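Chain by chain, the residues run as shown.
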Amino acid sequence: MLFRNLIALGALWMLLGQTGVAQEQKSPPPTTERPVATPVRPKASPTPTEPPITFNSVHVDGPYIALTFDDGPSATLTPKLLDLLAARHLKATFFVVGQNAADHPDILRRAVKEGHEIANHSWSHPNLGKMSDEAVRRELQKTDDAIAAAIGKRPTLLRPPYGSITARQKKWIHDEFGYRIIIWDVDPLDWKRPGPSVVTARILKETVPGSIVLSHDIHPPTIEAMPATFDQLMKKGFKSVTVTELLAMETPRPPKPTPSPAVPHATAIPSPSPVSSPPPPTATPGG
Ligand SMILES: [Zn+2]
């Protein structure tokens, strides 16, 4: 009788043990992302575990925008632009081409003195997305050095020419240089020189709080467009800050009513090209 009871007990023990194993197998492996005690509502960020590296715009509470100017500095046009900005107490970010920066360190110094930000836009404006890591590294390092030599401070932002950069490049560039990758959400296509009033109208139509506005301080009509553009943006209540200041203002994006988690970014282009941000390099020499 005792023997039988023992067998029954043993069988029960094994059964319980198996159930325990089955439960363990069913439950997902524990990770650090899982809430421990209180369930936490997932953040709207596409990568909740890591801070994002790339920005097309920034979600902010307030009328803040970033005006960005690429491809300079220009010996004649950039000082004119600085005058226009200073007269209105507006701040901008200059994504400079390294070889131009090396030619005009005085313009960079003036820009910084007046509250603007200087950032990296490569040395010679190539399509980084199609280059070897070593070649990209040289483009970025030379520009980083030229900026540091001019203003005594290294840049913390990169805008790849044409917005062309692969996801893998973003990661190693961020790891090596500490750069955040800045694209844009407002593109007036000013490099096509459509006329100053068209540039102004396009920027006014597309700019929303948190926008990163792209323009180029190497085209005379772009500079001509800026007085009206600045005045009308200010009339609409927008306040211009540097990109780094805008990033510091970022607040979580509210969850969308119809989320599409399969798409990492609404702007991603499903193409074999290495470009992961708009506009595609074949469509525009912008940026
Ligand atoms: Zn550019």
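Residues numbered from 1 in each chain as written. Predicted model: local features only at pLDDT ≥ 70, side-chain atom pairs only at ≥ 80, totals over all residues.

**Notes on the environment of His125**
In this structure, His125 sits in the loop between strand S4 (117–120) and helix H5 (133–151). Of the residues examined, His125 has 19 C-beta atoms within 10 Å and is grouped as partly exposed. Measuring from C-alpha to C-alpha, the distance between His125 and Pro161 comes to 5.6 Å, with 36 residues separating the pair along the chain. Each residue touching His125, except ones within four places of it in the same chain, is listed here: Asp71, Val97 and Pro161. (Helix = DSSP H or I, 4+ residues; strand = E, 2+ residues; numbered from the N terminus. Buried ≥ 20, exposed ≤ 12 C-beta atoms within 10 Å, placed from the backbone. Contact = placed C-beta atoms within 7 Å.)

**Quick word on the packing of H5 against helix H6 (residues 167–177)**
In the contact formed by H5 and H6, the axes pass within 12 Å of each other and the chain directions differ by 40 degrees. Relative to H6, H5 is oriented oblique. Relative to H6, the crossing made by H5 is right-handed. Of the residues in H6, those touching H5 at Asp133, Val136, Leu140 and Asp144 are Gln169, Trp172, Ile173 and Phe177. By residue class, the composition of the contact of H5 with H6 is five nonpolar, one polar and two charged. (Axes fitted to C-alpha atoms, helices over the stretch in contact; angles between N-to-C directions. Parallel < 35°, antiparallel > 145°, perpendicular 65-115°, else oblique. Left-handed = near helix turned anticlockwise from the far one by under 90°. Nonpolar A, V, L, I, M, F, W, Y, C, P; charged D, E, K, R; others polar.)

**Notes on the confidence of the model for the protein**
Looking at the protein as a whole, its pLDDT mean stands at 83, while 73% of the residues score no less than 70. Throughout residues 9–45 the model reports pLDDT below 50, and contacts reaching past four residues in sequence, or to other chains, amount to 11 contacts. pLDDT under 50 marks residues 264–284. Its contacts with residues more than four places away, or in other chains, come to 36 contacts. (pLDDT = per-residue confidence, 0-100.)

**Description of the nonpolar core**
If you look at the biggest cluster of nonpolar residues, it comprises 51 residues, and the most contacted ones within it are Ala66, Phe94, Val96, Leu108, Ile212 and Val213. When sequence neighbours within four positions are dropped, the list of residues in contact with Ala66 reads Thr93, Ile212, Val213, Ser240, Val241, Thr242, Val243 and Leu246. (Core = buried A, V, L, I, M, F, W, Y, C linked by C-beta atoms within 7 Å.)

**Examining the pairing of S4**
Taking every second residue as pointing to the same face, both faces of S4 are buried, with Glu117 and Ala119 on one and Ile118 and Asn120 on the other. Looking at chain direction, strand S3 (residues 92–96) and S4 are connected through four bridges and run parallel. Paired with Phe95 across the two strands is Ala119, which belongs to S4. (Pairing = 2+ DSSP bridges.)

**Re the pairing of strand S7 (residues 212–216)**
Burial of S7 is extensive: five of the five residues sit out of reach of the surface. Covered by surrounding structure in S7 are Ile212, Leu214 and His216 together with Val213 and Ser215, the residues of both alternating faces.

**A word on the packing of helix H4 (residues 105–113) against H5**
A pair of packed helices can be characterised by two numbers: the angle between their axes and the separation between those axes. Direction vectors running N to C along H4 and H5 enclose 65 degrees, while the axes themselves pass 8 Å from each other. Taken together, H4 and H5 sit at an angle that is classed as roughly perpendicular. Considering only the axes of H4 and H5, their crossing is right-handed. Residues Pro105, Leu108, Arg109 and Val112 of H4 lie in contact with H5, whose contacting residues are Ile147, Ala149, Ala150 and Ile151. Taken together, the residues of the contact of H4 with H5 sort by class into seven nonpolar, no polar and one charged.

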